[in-house]
Amino acid sequence: MVHTQSGSATPSDRPSPSARAVRAVRAEVSWGARSLRRARRGPGRERDAVVQSLKAALAAVLAWLAAAWLLPDAFALMAPWVAVVLVQATVYRSVWQGLQQTAAIALGTVLAAALVIPFGHPVLVMILVLPVTTLLGNWPRFGAQGIYASTAALFTLVPGEATPGSAVSRVLAALLGTAVGVGVNALLLPPVHLRSAREAVDSAVREAREIVTEVADGLDEPWEHDRVRGWYDRACQLPRLVRGLESAVGWSRESTRLNPESRRRAEAARLTAAYAETLTTLEDIAERLTVLTRTLVEAAGEGDDVPRPGHEVTRPYSGFLRRVADALGAYGRTVTGDDPETARRELREAVGEIRAEQDRLRAELPRHAAAVPEGLAVLGPLLAESRRLAAGLLPGGRGEGDGDGDAGGASGRQGA
């Protein structure tokens, strides 16, 4: 008798392709429903996407109506086709891509018309023109809009008959669509990207604080190399969040360019400058945490090259790290909180407590050196990196305490 292993899936238990397709569709519908609920609840990325989508639809309709009124019906499609794609994430991007797209359309239209008008034979001209427009479309000055040179050439050749007037009408339709698309994006709720930068700051600071808190909690327990290695791996991922903030700051800075709303432009410029300074601070934090956790990994290794400190050393340092975590939380509130002045006062107090705590721990280094000399090689660098991390949270504090590592190392050598 053949026994089937308990819990193993048989072919009949596996979902069919149609069931998997239905499940995938349901997941996508659920995602869309959640996004709509978030857009309805309040400001956020989802609502911004809805607003930009409605603006794109409005731009297409206005461009179509204007083109139908001003140009022959055969060319009315070109205007909304251009307008709908120029409601971009920033006004500056709409203007720049509008210029690129119009130039590409004019290039494709003129090249195709210049050959098909005197020689005829649209298919032959297509064979000659499309490789040229595709090659020219790769010119970096066209950016992502270079493909419109080839599509404009096709629109000129496919009807089978081209005249100088039709070529001019196509270019005018593209200019009309550019004007309408840029105008709608600039004059109707022009986008300003501040929320994404704020969210990126919150994510990076929260992750840094959680790493420090996890290390502090872990130092109160027996060390395991895999767990300590997890702290280091997590710290190595922090620069990825910092790069996300760098991208968000870039979007915020770009959204202030050519934005007609002076009040929002001034606010965005002020906050963008603050976020740019925060970016430098978070880069320093990520570097400090990487060095700190790497020191712990080396101490927790199975080899004897770096001694592993005992609880007599790690327990006081655990409390010290919790103060560092509190300082990180206060720093995050100074950037994105509702009451930055109170948060700055809390940050100064937290950093002051960190300095006092470090001075107390350093004063006890000789006693640790006498009782647990092997732990001092780790405690000194840890104290130095933690103090540098906390000092960097204050304006002008980066670089402060750079001599601490030497002092810690000297104390360790003296105690040894």
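Just so it is clear, the model here is predicted, and its values are computed rather than measured. (Residues numbered from 1 in each chain as written. Predicted model: local features only at pLDDT ≥ 70, side-chain atom pairs only at ≥ 80, totals over all residues. Heavy atoms only, no water.)

The subject of this paragraph is the overall build of the chain. When helices and strands are tallied, the chain shows 15 helices and 0 strands. Each of the 416 residues in the chain was classed as buried or not, and the buried ones make up 42%. When contacts within the chain are restricted to residue pairs at least 6 apart in sequence, those whose partners lie at least 24 apart make up 77%. When the accessible surface of the chain is split by element, carbon and sulfur atoms take 58% of a total near 21900 Å². (Helix = DSSP H or I, 4+ residues; strand = E, 2+ residues; numbered from the N terminus. Buried < 20%, exposed > 50% of the residue type's maximum accessible area, 1.4 Å probe, protein only. Contact = heavy atoms within 4.5 Å. Areas by Shrake-Rupley, 256 points an atom, 1.4 Å probe, with all protein chains shown as cover.)

To continue, consider the packing of aromatic side chains. Under the defined criterion, the tally for this structure stands at 4 aromatic pairs. Relative to Phe 142, the ring of Trp 139 has its centre 5.6 Å away and its plane inclined at 85 degrees; by these criteria the two rings are edge-to-face. The class for Trp 139 is partly exposed, based on a relative accessible area of 49%. A residue is classified by how much of its surface remains accessible, and Phe 142, at 9% relative accessible area, is buried. Feature note: the residues Trp 81, Tyr 148 and Phe 155 constitute an aromatic cluster, connected by ring pairs. (Phe/Tyr/Trp six-rings, centres within 6.5 Å; stacked < 30°, edge-to-face > 60°.)

Turning our attention to unusual backbone geometry. The phi dihedral of His 121 falls on the positive side, at around 55 degrees, and the residue is not glycine. Structurally, His 121 is set in the loop between helix H4 (91-119) and helix H5 (122-137). The phi dihedral of Leu 189 is positive, around 50 degrees, even though this residue is not glycine.

All right, on to the packing of H5 against helix H6 (residues 147-157) then. The interhelical angle for the contact between H5 and H6, taken along N-to-C directions, is 165 degrees, at an axis separation of 9 Å. Classified by the angle their axes make, H5 and H6 are roughly antiparallel. Crossing of H5 against H6: the hand is right-handed. Facing H5, whose interface residues are Pro 122, Val 125, Met 126, Val 129, Leu 130, Thr 133 and Thr 134, H6 presents Ala 149, Ser 150, Ala 153, Leu 154 and Leu 157. (Axes fitted to C-alpha atoms, helices over the stretch in contact; angles between N-to-C directions. Parallel < 35°, antiparallel > 145°, perpendicular 65-115°, else oblique. Left-handed = near helix turned anticlockwise from the far one by under 90°.)

Bringing the environment of Gly 392 into the picture now. Relative to the elements of secondary structure, Gly 392 occurs in the loop between helix H14 (376-391) and helix H15 (404-415). Each C-alpha atom, one on Gly 392 and one on Thr 281, is 6.5 Å from the other, the two residues being 111 residues apart in sequence.

This part is about the nonpolar core. Counting 53 residues, the largest nonpolar core has Leu 219, Ile 285, Leu 289, Leu 296, Tyr 317, Leu 321 and Leu 347 as the members making the most contacts within it. Elements that contribute at least two residues to this core include exactly helix H8 (195-219), helix H9 (225-255), helix H10 (262-300), helix H11 (311-336), helix H12 (340-363) and H14. For this core, the element with the highest residue contribution is H10, accounting for 12 residues. Those residues in contact with Leu 347, other than ones at most four positions away along the chain, are Ala 327, Ala 330, Tyr 331, Thr 334, Leu 393 and Leu 394. Core analysis: the second largest hydrophobic core is formed by 24 residues, Ala 63, Ile 105, Ala 152 and Val 180 among them. (Core = buried A, V, L, I, M, F, W, Y, C linked by side-chain atoms within 4.5 Å.)

Quick look at the pattern of salt bridges now. Evaluation of the coordinates by the stated rule reveals 13 salt bridges. The closest approach of N and O atoms between Glu 353 and Arg 323, which form a salt bridge, is 3.2 Å. Of the two residues, Glu 353 is situated in helix H12 and Arg 323 in helix H11; the sequence distance between them amounts to 30 residues. Arg 344 serves as the salt-bridge partner of Glu 341, at 2.7 Å between the closest nitrogen and oxygen. (Salt bridge = Lys/Arg side-chain N within 4 Å of Asp/Glu carboxyl O.)

On the surface, Leu 58, Val 61, Leu 62, Trp 64, Leu 65, Leu 77, Leu 188 and Leu 189 cluster together into a nonpolar patch covering about 740 Å² of accessible area. With respect to the helices and strands, Leu 62 occurs in helix H2 (residues 45-70). (Patch = residues over 30% accessible without salt bridge, like charges linked within 9 Å, V, L, I, M, F, W, Y side chains within 5 Å.)

To continue, consider the confidence of the model for the chain. The predicted model of the chain averages 80 in pLDDT, with 83% of residues at 70 or higher. Ignoring residues within four places in sequence, the model shows residues 1-11, a span with pLDDT below 50, making 2 contacts including any to other chains. (pLDDT = per-residue confidence, 0-100.)

The subject of this paragraph is a positive patch on the surface. A grouping of Arg 34, Arg 37, Arg 40 and Arg 41 is seen on the molecular surface, where their side chains present a positively charged patch. Within the fold, Arg 34 resides in helix H1 (residues 17-41). A relative accessible area of 37% places Arg 34 in the partly exposed class. (Lys, Arg positive; Asp, Glu negative; His and termini not counted. Charge placed at Lys NZ, Arg CZ, Asp CG, Glu CD.)

With that out of the way, let us pick up the side chain of Ser 318. With respect to the element layout, Ser 318 can be found in helix H11. Among the polar contacts listed, one links the side chain of Ser 318 to the backbone oxygen of Ala 216, at a separation of 2.5 Å. Those residues in contact with Ser 318, other than ones at most four positions away along the chain, are Ala 216, Asp 217, Leu 219 and Asp 220. (Polar contact = N/O pair within 3.5 Å; in protein donor to acceptor, adjacent residues only side chain to side chain.)

Now for the side chain of Gln 100. Note on placement: Gln 100 falls in helix H4. On the accessibility criterion, Gln 100 (9% relative accessible area) is buried. Separated by 2.9 Å, the side chain of Gln 100 and the backbone oxygen of Arg 141 make a polar contact.

This part is about the environment of Ala 299. Along the chain, Ala 299 turns up in helix H10. Sequence spacing of Ala 299 and His 225 is 74 residues, and the spatial spacing of their C-alpha atoms is 8.9 Å.

Turning our attention to H6. Restricting attention to buried positions, one finds in H6 the residues Tyr 148, Ala 149, Ser 150, Ala 152, Ala 153, Thr 156 and Leu 157. Where the residues of H6 are buried, they touch helix H3 (78-83), H4, H5 and helix H7 (164-187).

Turning our eyes to something else, we now look at the packing of H4 against H7. Put simply, H4 and H7 touch, their axes get as near as 9 Å, and they point 175 degrees apart. Classed by the angle they form, the pair H4 and H7 counts as roughly antiparallel. Residue-level contacts link Val 91, Ser 94, Val 95, Gly 98, Thr 102, Ile 105, Ala 106, Thr 109, Ala 113 and Ile 117 of H4 to Pro 164, Ala 167, Arg 170, Val 171, Ala 174, Leu 175, Thr 178, Val 182, Asn 185 and Ala 186 of H7.

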